[in-house]
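Architecture at a glance
One letter stands for each residue in the lines below.
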Amino acid sequence: MSQPQDDDDDDVNPVVARALAEYAKRPSPEDVARLVDMLLTRGQEMHDIVAALPDLPVGASDVLSEWEYFSQAGPLGSGPHSNWHHCRGLARIVKRLMRMVPGHTTASAP
């Protein structure tokens, strides 16, 4: 499998899409580790932006709490599937955070 691209252009959409790939196209364990690193970095940035908004959007408290738990808890269990499932969970939360960041555009990935 090809290596995920760095998120230099400030667009996390391809990272989220790669993490949410269908099972047959799941990334290698090494790619999953890189995706998790990118998701943790960008997700925390978005978390901080959303948390600092003067008027929190509907559902923001839930997604902020979910981010805090999942980003700190890590994968449940062990092995490559466990890591991939954790990566996918992070991607889903990042996708929700993206919708709450003012001016951020979100692809219509799954």
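Now for the overall build of the chain. For the chain, the count of helices and strands is 4 helices and 0 strands. Walking the chain from its N terminus toward its C terminus, one meets helices and strands in the order α-α-α-α. Burial statistics for the chain: of 110 residues in total, 41% are counted as buried. Once local pairs closer than 6 in sequence are excluded, the contacts in the chain between residues at least 24 apart make up 70%. When the accessible area of the chain is evaluated, it comes to approximately 6,400 Å², of which 52% is carbon and sulfur surface.

To continue, consider the nonpolar core. Ranked by size, the top nonpolar core spans 27 residues in total, and within it Val16, Leu39, Val50, Val94 and Leu97 carry the most contacts. Elements with a contribution of two residues or more to this core: helix H1 (13-19), helix H2 (29-51), helix H3 (60-73) and helix H4 (80-100). Apart from residues no more than four positions distant in its own chain, leucine 39 is found in contact with Val15, Val16, Ala19, Gln44, Trp67, Cys87, Leu90, Ala91 and Val94.

Applying the stated criterion across every chain, the model contains 4 salt bridges. Residue glutamate 45 pairs with arginine 42 through a salt bridge whose shortest N-O separation is 2.8 Å. Remark: arginine 42 and glutamate 45 occur in helix H2; sequence separation between them is 3 residues, near one turn of the helix. The class for arginine 42 is buried, based on a relative accessible area of 9%. Residue arginine 96 is joined to glutamate 66 by a salt bridge in which the shortest nitrogen-to-oxygen separation is 2.5 Å. With arginine 96 in helix H4 and glutamate 66 in helix H3, this residue pair connects regions lying 30 residues apart in the sequence. Using a relative accessible area of 27% as the deciding quantity, one classes glutamate 66 as partly exposed.

This next bit is on H3. Every α-helix carries 3.6 residues per turn, so stepping three or four residues along brings you back to the same face. Look at H3: 20 Å from first C-alpha to last across 14 residues, which is about the 20 Å you get at 1.5 Å a residue. For H3, the complete set of buried residues consists of Ala60, Val63, Leu64 and Trp67. Taken down its axis, H3 places every buried residue within 100° of arc, on the same side. Facing away from the buried side of H3, by more than 90 degrees, are the exposed residues Asp62 and Gln72. Tucked inside the fold, the buried residues of H3 contact H2 and H4. Directly beyond the C-terminal end of H3, a positive phi value near 75° is found at glycine 74.

We now examine the packing of H2 against H4. Relative orientation of the contacting elements H2 and H4 amounts to 30°, with a least axis distance of 9 Å. Our classification of the angle between H2 and H4 gives roughly parallel. The hand of the H2/H4 crossing is left-handed. For the pair H2 and H4, contact is made by Pro29, Val32, Leu35, Val36, Leu39, Leu40, Gly43, Met46, His47 and Val50 and by Pro80, Asn83, Trp84, Cys87, Leu90, Ala91, Val94, Leu97, Met98 and Met100, respectively. Split by residue class, the contact of H2 with H4 holds 17 nonpolar, 3 polar and no charged.

Reading the values: rules and limits
Residues numbered from 1 in each chain as written. Predicted model: local features only at pLDDT ≥ 70, side-chain atom pairs only at ≥ 80, totals over all residues. Heavy atoms only, no water. Helix = DSSP H or I, 4+ residues; strand = E, 2+ residues; numbered from the N terminus. Buried < 20%, exposed > 50% of the residue type's maximum accessible area, 1.4 Å probe, protein only. Contact = heavy atoms within 4.5 Å. Areas by Shrake-Rupley, 256 points an atom, 1.4 Å probe, with all protein chains shown as cover. Core = buried A, V, L, I, M, F, W, Y, C linked by side-chain atoms within 4.5 Å. Salt bridge = Lys/Arg side-chain N within 4 Å of Asp/Glu carboxyl O. Expected span 1.5 Å × (residues − 1). Arc of directions from axis to C-beta. Axes fitted to C-alpha atoms, helices over the stretch in contact; angles between N-to-C directions. Parallel < 35°, antiparallel > 145°, perpendicular 65-115°, else oblique. Left-handed = near helix turned anticlockwise from the far one by under 90°. Nonpolar A, V, L, I, M, F, W, Y, C, P; charged D, E, K, R; others polar.

Fair warning: the whole summary comes from geometry, so function is off the table for now.
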